[in-house]
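Analysis of the macromolecular model
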Amino acid sequence: MAETAKTSASQDVKALPTRVVPPIELPASAADLAREAAAQFGWQGTVLPEMKLLGRRVTVVAELRPDVHAERICFGVAPVTDRATVSTWTWPEFTDSAPSPAVEIRGVLSVARHWRTGLASVVPFARYGDTAMVLPAEVAFTDDYVTNCLPRARTYGVAIGTAEEGARVETDLAGRSERLLLDEDAVSRWVNELVYEQLLATVE
């Protein structure tokens, strides 16, 4: 009886060791970098704690509108965070009775280790106002950043800040102010109410 020879090439091939590249880390806490970035971009207002909006983790810089806030206190209209309820405020029959936005959102930013994460986080908000992302300074020296990140950020008008040791943030790309912004809609009103609630909690 003839024997069948086993000639599996995989038995003689040894896996080559791969070089493990450690992920690029942020040089300071996200909260410290967000505060520094807001000042660097000239955004006036309170830098709120990181919050989840539209499924993204972002930091919002906002100011209270004192006259509207006082009016809402008088009428007992606290922040309304139910999305379905807020969506009715844009209906023609409710536009006159709906409460006015009580905060002015100065900017929305993301502090991230990779530009793709940062861009994905803030692009949904770029339709309504200023946005930015803060990245480790080392990222700005990569080909991927120059070839892919910068063109996309310019397209959406997203500013970029690079974070260095000591929680220092330098502007690497200024946001574009002449881009077309959407008018107030159901989404922006709902986001405004969530930010209003967070701002009151932060100030108090």
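Computed from a prediction, not measured in an experiment: that's the story for all the values here.

What the rule picks out here adds up to 9 salt bridges. A salt bridge links Arg 57 to Glu 50, with the nearest nitrogen and oxygen atoms 3.8 Å apart. With a closest N to O distance of 2.7 Å, Glu 63 and Arg 106 form a salt bridge. A residue pair is termed long-range when its members are at least 10 positions apart, and Glu 63 in strand E3 (residues 56–64) and Arg 106 in strand E4 (residues 103–111) qualify at 43 residues. Counted as one network, the salt bridges with shared partners bring together Arg 72, Arg 189 and Glu 193.

Further remarks concern the environment of Phe 75. Its place among the elements puts Phe 75 in the loop between helix H2 (66–74) and helix H3 (83–87). Linking Phe 75 and Pro 99, residues 24 residues apart in sequence, is a C-alpha distance of 9.6 Å.

Before going further, it helps to examine the nonpolar core. Core analysis: the largest hydrophobic core is formed by 23 residues, its most contacted members being Leu 53, Val 58, Val 60, Phe 125, Val 191 and Val 195. Elements that contribute at least two residues to this core include exactly strand E2 (51–53), E3, E4 and helix H6 (186–203). The greatest single-element share of this core, amounting to 8 residues, is contributed by H6. Every residue in contact with Phe 125, bar those within four places of it in the chain, is listed here: Leu 53, Leu 54, Val 58, Val 108, Thr 131 and Val 191. If you look at the next biggest cluster of nonpolar residues, it comprises 16 residues, including Val 122, Met 133, Tyr 145 and Ala 153.

Taken as a whole, the largest pocket spans an internal volume of roughly 480 Å³. Those elements giving two or more residues to the lining of the largest pocket turn out to be E4 and H6. With 6 residues, E4 is the largest single contributor of residues to the lining of the largest pocket. Split by residue class, the lining of the largest pocket holds 9 nonpolar, 4 polar and 7 charged.

The rules behind each value
- Residues numbered from 1 in each chain as written.
- Predicted model: local features only at pLDDT ≥ 70, side-chain atom pairs only at ≥ 80, totals over all residues.
- Heavy atoms only, no water.
- Salt bridge = Lys/Arg side-chain N within 4 Å of Asp/Glu carboxyl O.
- Helix = DSSP H or I, 4+ residues; strand = E, 2+ residues; numbered from the N terminus.
- Core = buried A, V, L, I, M, F, W, Y, C linked by side-chain atoms within 4.5 Å.
- Buried < 20%, exposed > 50% of the residue type's maximum accessible area, 1.4 Å probe, protein only.
- Contact = heavy atoms within 4.5 Å.
- 1 Å grid on protein atoms, 1.4 Å probe; cavity = no way out; pocket = protein on both sides within 12 Å on 5 of 7 lines; lining within 4 Å.
- Points joined across faces, edges and corners; volume = space filled by probe spheres on them.
- Nonpolar A, V, L, I, M, F, W, Y, C, P; charged D, E, K, R; others polar.

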